[in-house]
Amino acid sequence: MTATVETTPKTGGISSQQVQPKKIGIPKEVYLGECRVAATPETAKKLQKLGFEVLVEAGAGTLANFSDQAYQEVNCQIISDPETLWREADIILKVRPPQFHPEINKHEAELLSEGKTLISFIWPAQNPELLEKLAATKATVIGMDAVPRISRAQKIDALSSMANIAGYRAVVEAASHFGRFFTGQITAAGKIPPAKVLVIGAGVAGLAAIGAAKSLGAVVRAFDTRLEVKDQVKSLGAEFLELEFTEDGSGEGGYAKTMSKEFIEAEMTLFAEQAKEVDIIITTALIPGKRAPILITKEMVESMKPGSVIVDLASEQGGNCEVTKPGEVYTYQDVTIIGLTDLPSRMASQSSQLYGNNLWHLLKEMGGAQDYHINTEDEMIRGALILHEGEVTWPAPKIPQPTPPVKTGTTVTTGLQESKSKSLGSLWLLIAGIALATIGLTAPTVMLSHLTVFVLACFLGWMLIWNVNPALHTPLMSVTNAISGIVIVGGILQMSGPITSPVVILGAIAIAVATINIAGGFYVTQRMLNKFHK
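Treat the numbers as computed from the prediction; the structure is a model and nothing was measured.

Trainee: For the nonpolar core, give the residues involved together with the corresponding values.
Mentor: Grouped together as the largest cluster of nonpolar side chains are 45 residues, with contacts concentrated most on Ile-26, Leu-93, Ile-119, Tyr-355 and Leu-363. Mapped by element, the contributors of at least two residues to this core are strand E3 (23-26), helix H1 (41-49), strand E4 (53-57), strand E6 (91-93), helix H5 (158-177), helix H10 (348-365) and helix H11 (379-384). Broken down by element, the residue count for this core peaks at 6 residues, all from H10. Formed by 31 residues, the second largest nonpolar core is a distinct cluster that contains Val-199, Ala-212, Ala-213 and Ile-282.

Trainee: So what about a nonpolar patch on the surface? Which residues, and what values?
Mentor: A cluster of nonpolar side chains, contributed by Leu-427, Trp-428, Leu-430, Ile-431 and Ile-434, occupies part of the molecular surface with about 560 Å² of accessible area. Here Ile-434 is to be found in helix H12 (residues 408-442).

Trainee: Describe the sheet that holds strand E19 (residues 335-338), with residues and values.
Mentor: Taken in spatial order, the 7 strands make up an open sheet running E15-E14-E13-E16-E17-E19-E18, and their pairing is mixed. Only two strands of the sheet have a single partner each, and these edge strands are strand E15 (239-240) and strand E18 (329-332). Pairing geometry for strand E13 (residues 196-200) and strand E16 (residues 280-283), over 4 bridges, is parallel. Among the inter-strand pairings, Ile-200 is bridged to a residue of E16, identified as Thr-283.

Trainee: Report on helix H8 (residues 261-277), specifying residues and quantitative values.
Mentor: Taking 1.5 Å of rise per residue, the 17 residues of H8 would be expected to cover 24 Å, and the 25 Å separating its terminal C-alpha atoms lies within 8% of that figure. On its buried face, H8 sits against E13, strand E14 (219-223), E16 and helix H9 (298-303).

About the thresholds
- Residues numbered from 1 in each chain as written.
- Predicted model: local features only at pLDDT ≥ 70, side-chain atom pairs only at ≥ 80, totals over all residues.
- Heavy atoms only, no water.
- Core = buried A, V, L, I, M, F, W, Y, C linked by side-chain atoms within 4.5 Å.
- Buried < 20%, exposed > 50% of the residue type's maximum accessible area, 1.4 Å probe, protein only.
- Helix = DSSP H or I, 4+ residues; strand = E, 2+ residues; numbered from the N terminus.
- Patch = residues over 30% accessible without salt bridge, like charges linked within 9 Å, V, L, I, M, F, W, Y side chains within 5 Å.
- Areas by Shrake-Rupley, 256 points an atom, 1.4 Å probe, with all protein chains shown as cover.
- Salt bridge = Lys/Arg side-chain N within 4 Å of Asp/Glu carboxyl O.
- Pairing = 2+ DSSP bridges.
- Expected span 1.5 Å × (residues − 1).
- Contact = heavy atoms within 4.5 Å.

So, to be careful, I would describe these as geometric facts and stop short of saying anything about function.
Dropping the structure here:
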């Protein structure tokens, strides 16, 4: 292996390694039942455009339906011996954390060496022994499970990519074990009610499950302690279940936090009621670094209708259901409990493609083959950095949050301004009232009728346009078309008289302006409606 290394001091006691690796290695996953691969032929081609040479272990993509020939067609080099692959590659891309390799009788961590980089799921909190093994190699390790939940990092957020697939697959698994249609039907043989689905946790996996279940025609309900997801749930057509609590469950990094005892009691009461009604429950609730909370008790399972299904997406961390058996599908009291921990792997082709894209984005962000570097000042890279040249850098320091501005003085000023504005409004209203009363007492009877119409028109225009949020102006075009039609009728009625009469001139102007408004309204409304056409 040939590489040029430059070490530049960085803040925080970590040096930034400037290295120009040329080869990326894609080993075959040895975890039992794992079908995913860290690079597909398509993503391997993208990596080559970044300047890398891609080495793929023979059979690495077979279980994901990517043959060795498919990799060879995009100029990847097929390596039959795993030890050779790990030795020749500068960067190793994996899915599962390194583990004991039964074919070569060695732990994969032992195949790493100083100066190399491993990018994979690591789960350092759950694997302290693995962290020690990797540190002994003096290599650099980036954990895809440690990517910070910030906007910039969404393109490399592999947890979200896999959760999206897991949520979708959860509905597929539920449908395959559920004995009825999801959608309701009315047939000659009888009426079929739609299935009722409850999704607990509206994160990435939960929203994917909601969308999939709704598209199959089910009646979907969802619950989450984070109130900000309410609009997202409703936008997918599901009903959002709420508790009458002011407490919000939003935690750091987009995860939920541990709630108060009173909230949890009310929450469990809600789940107990829903368990008796719904046919399918999908749970996704997780708190990072802790055992998954128990949300569905044994008594709730026993209260469910025979033939019901529970899909526990938190089973790998103990499960949200009290009777879940991680990795198993079994029947408890006529209720099917699905505790599979490999849902993304069951859609290996799609999962590998998304995961490969995450890795490509990461390596592109790190400079590609020509300008590859570990930028410890980049919060996205620093957050995912587990080991740097053998030095443990996990967990990353928390990103400092800006201090909110003090609002004491501003509140007082705003109150005074609102008070002055109300006083001025009352004064103008009083002046307008006196003026109208004076005109009413002195003006001719004919003028009074015109004045009444004018005042009502001003009031109507103010209520419809000035007093309406600008975001609603475009939908209001359709309504104002009808109102403008009335204006035209009024203008025509006023045009009976000499052409030089002020009333006739104003009537003509009203007709012209209203006509423009109607034409423009129909045009804008038509453009708006066309956006909803396929």
